Amino acid sequence: MRRARPAAPGLDRATFEALGARALDFIADHLDQIDARPVNRPLPRDLRQQLLEQALPEAGEDPAAILDFLGTTVMPWPMGNGHPRFYAWVNSPPAPLAILADAMAMTVNPSSDGAEHAGRFLLKSVTRWLAELIGYPTEGAMGLLVGGGTMANLTALGVARYAAAQRAGWDVRAKGLQGGAPPLVFYASDEAHSCIRKSIEMLGIGTDNLRLVPAGDDYRASVPAIARAIAEDRAAGRLPACVIGNAGTVNTGAIDPLDALADLAAAEGLWFHVDGAYGAFGRLDPSVAALYAGLERADSVALDPHKWLHVPIECGAVLVRDAEMQRATYSLVPPYLDAAKAPDPDNPRWTIEYAFTLTSQMRALKVFAVLRHMGRRGVAAMIASHNALARDLAQRIGARNDMEVMAPVTISAVGFRYRPPGVTDEAAIEALNARIVQALNDEGEVFILTTRLKGRLAIRACIMHHDNDANDMAHLIARVAHWGRTLAD
Ligand SMILES: Cc1ncc(COP(=O)(O)O)c(C=O)c1O
């Protein structure tokens, strides 16, 4: 029944619509004007203090004033990743349609862990689409949307741990890692993302049992080196459990030799996991698609729609080839949840049977909105254009005598540095590049960061905005050259 004057936090329809129009104004202004603003600005000290020291309100306040505070005091100080000249980390702008779809999801507000609601059925299609986009098998497989790439990797590696223990004859859910069995060992290149190490720590494997084998000069995993590490561990009585490949490393976008890693894992009877959080959707670009051969052979894949697909944060995805293994790893259904299950054979099993978390946001709607809006062709064209721009940027850098590309360019990440002609002092080059990046970010025309490539400081540009074009690349080079010249003098 509709109530004429709902109690807070409820709102009557007229008020809700008026507030909605106000919020939408802030949202539309932000999206419309972001290009004209500095990419990133440091928050003034007094604003930081104001935000840090907000007092808990004793009495409820005027909703319009609350939205105004958010629109005028918080929204003007974003991280910058909606701006086309934001090249840091692996962050895309939010697709506007997904912002609206997400509001719709929050309005209905079910939990995606289970129960009878449309979003849970749509989730099945959306995760199947993600698998189809990267050429991953769907039959008998399971797809979940999770908070991000870290959670996707952790979820998958949890299944890998369960499967390895099961193969060795023990139930890790019952015994944990305390049953006196030999240590399970996981393998990846030293270019694997830090979340792999965190996952290994969380899973109780311990980093002493994570072999981060040095990648080759091309930043790709060395299969012979991983094979040697496996042999050494076997000889020492340890239990090799899982090989982890990268489909796009965070530093350089390198794609490991996935087919060869799959061969190795198969020959050794190990789980094969691929971290595709950054780069797996790159398979849609014909110019690099062949490098992904073997991705479809992975036992599990971590994806991150909130990276290249422009789905607003948070949205990761995990795909596991053997849904039953995933269910064996995670299913724990207490009576109060079991009783609510619909006795319908067409009703897919509840998501909680495959996940660590219980209540989870209906992320499917925002992914659905983006993929319906762009279509497979639209996503492929955008990804191919980003990769082409990265090659273009690398070419422009390579043609200069004051800059150098620091690693092969595969997908949309370019590692490079400014190096004045004739300067060979590594410490001086490093200090200069750190100052260039600081100056660039203070200036606010671009936002960019550094990483370390084979121990050397590199400026790292990740091209991930749907509106990026060749002018942006020329502009980036011009700003780096300007600050390089200015600061080198
Ligand atoms: C290759 C790779 N894996 C995992 C992650 C972690 O993803 P998230 O930040 O969504 O947890 C990242 C983040 O940049 C990444 O690039």
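Residues numbered from 1 in each chain as written. Predicted model: local features only at pLDDT ≥ 70, side-chain atom pairs only at ≥ 80, totals over all residues. Heavy atoms only, no water.

## Some remarks on the site of the ligand
And then number 1: Every one of the 15 residues lining the ligand counts as a neighbour, but Gly149, Thr150, Asp275, Asp304 and His306 are closest to it.
And then number 2: Contacts to the ligand include His306, whose side-chain N or O atom sits 2.8 Å from an oxygen atom.
And then number 3: One of the side-chain N or O atoms of Lys307 is found 3.2 Å from an oxygen atom in the ligand.
And then number 4: Its free accessible area being 390 Å², the ligand has 84% of it covered by the protein chains.
And then number 5: If one sorts the elements of the shell around the ligand by residue count, helix 6 (residues 149-167) sits on top with three residues.
And then number 6: Of the residues that constitute the shell around the ligand, the class distribution is five nonpolar, seven polar and three charged. (Near = heavy atom within 4 Å. Polar contact = N/O pair within 3.5 Å; in protein donor to acceptor, adjacent residues only side chain to side chain. Areas by Shrake-Rupley, 256 points an atom, 1.4 Å probe, with all protein chains shown as cover. Helix = DSSP H or I, 4+ residues; strand = E, 2+ residues; numbered from the N terminus. Nonpolar A, V, L, I, M, F, W, Y, C, P; charged D, E, K, R; others polar.)

## Details of the domain arrangement of the chain
And then number 1: In terms of domains, the chain is made up of domain 1 (13-38 + 41-77), domain 2 (103-371) and domain 3 (375-488).
And then number 2: The distance between the C-alpha centroids of domain 2 and domain 3 comes to 31 Å.
And then number 3: With 30 residues of domain 2 in contact, the opposing surface of domain 3 contributes 27 residues.
And then number 4: With both sides pooled, the region where domain 2 packs onto domain 3 buries about 2200 Å², and carbon together with sulfur makes up 61% of that total.
And then number 5: Here domain 2 and domain 3 share zero salt bridges between them. (Domains from an automatic or database assignment. Contact = heavy atoms within 4.5 Å. Buried area = accessible area lost by both parts, 1.4 Å probe. Salt bridge = Lys/Arg side-chain N within 4 Å of Asp/Glu carboxyl O.)

## Regarding the packing of aromatic side chains
And then number 1: Per the stated rule, a full pass over the model turns up five aromatic pairs.
And then number 2: Look at Phe86 and Phe447: their rings are 5.4 Å apart centre to centre, the planes differ by 20°, and that puts the pair in the stacked class. One end of the pair, Phe86, is in the loop between helix 3 (63-74) and helix 4 (96-108); the other, Phe447, is in the loop between helix 14 (426-443) and strand 10 (449-453), and 361 residues separate them in sequence.
And then number 3: Note on Phe86: relative accessible area 2%, which makes it buried.
And then number 4: Classification of Phe447 by relative accessible area gives buried; the value is 10%.
And then number 5: For the ring pair Trp129 and Phe368, a centre distance of 5.5 Å and an interplane angle of 15° mean the geometry is stacked. Here the residue Trp129 occupies a position in helix 5 (residues 118-133), and Phe368 occupies one in helix 13 (residues 364-398), the gap between them amounting to 239 residues.
And then number 6: On the basis of relative accessibility, which here comes to 23%, the residue Phe368 falls in the partly exposed class.
And then number 7: Three or more aromatic residues link up through ring pairs in this structure, and these residues are Phe86, Trp89 and Phe447.
And then number 8: Between Arg120 and the ring centre of Phe121, over which it is positioned, the NZ or CZ distance is 5.3 Å.
And then number 9: One cation-aromatic arrangement involves Lys454 over Tyr219; the distance from NZ or CZ to the ring centre is 4.8 Å. (Phe/Tyr/Trp six-rings, centres within 6.5 Å; stacked < 30°, edge-to-face > 60°. Buried < 20%, exposed > 50% of the residue type's maximum accessible area, 1.4 Å probe, protein only. Lys NZ or Arg CZ within 6 Å of the ring centre and 35° of its normal.)

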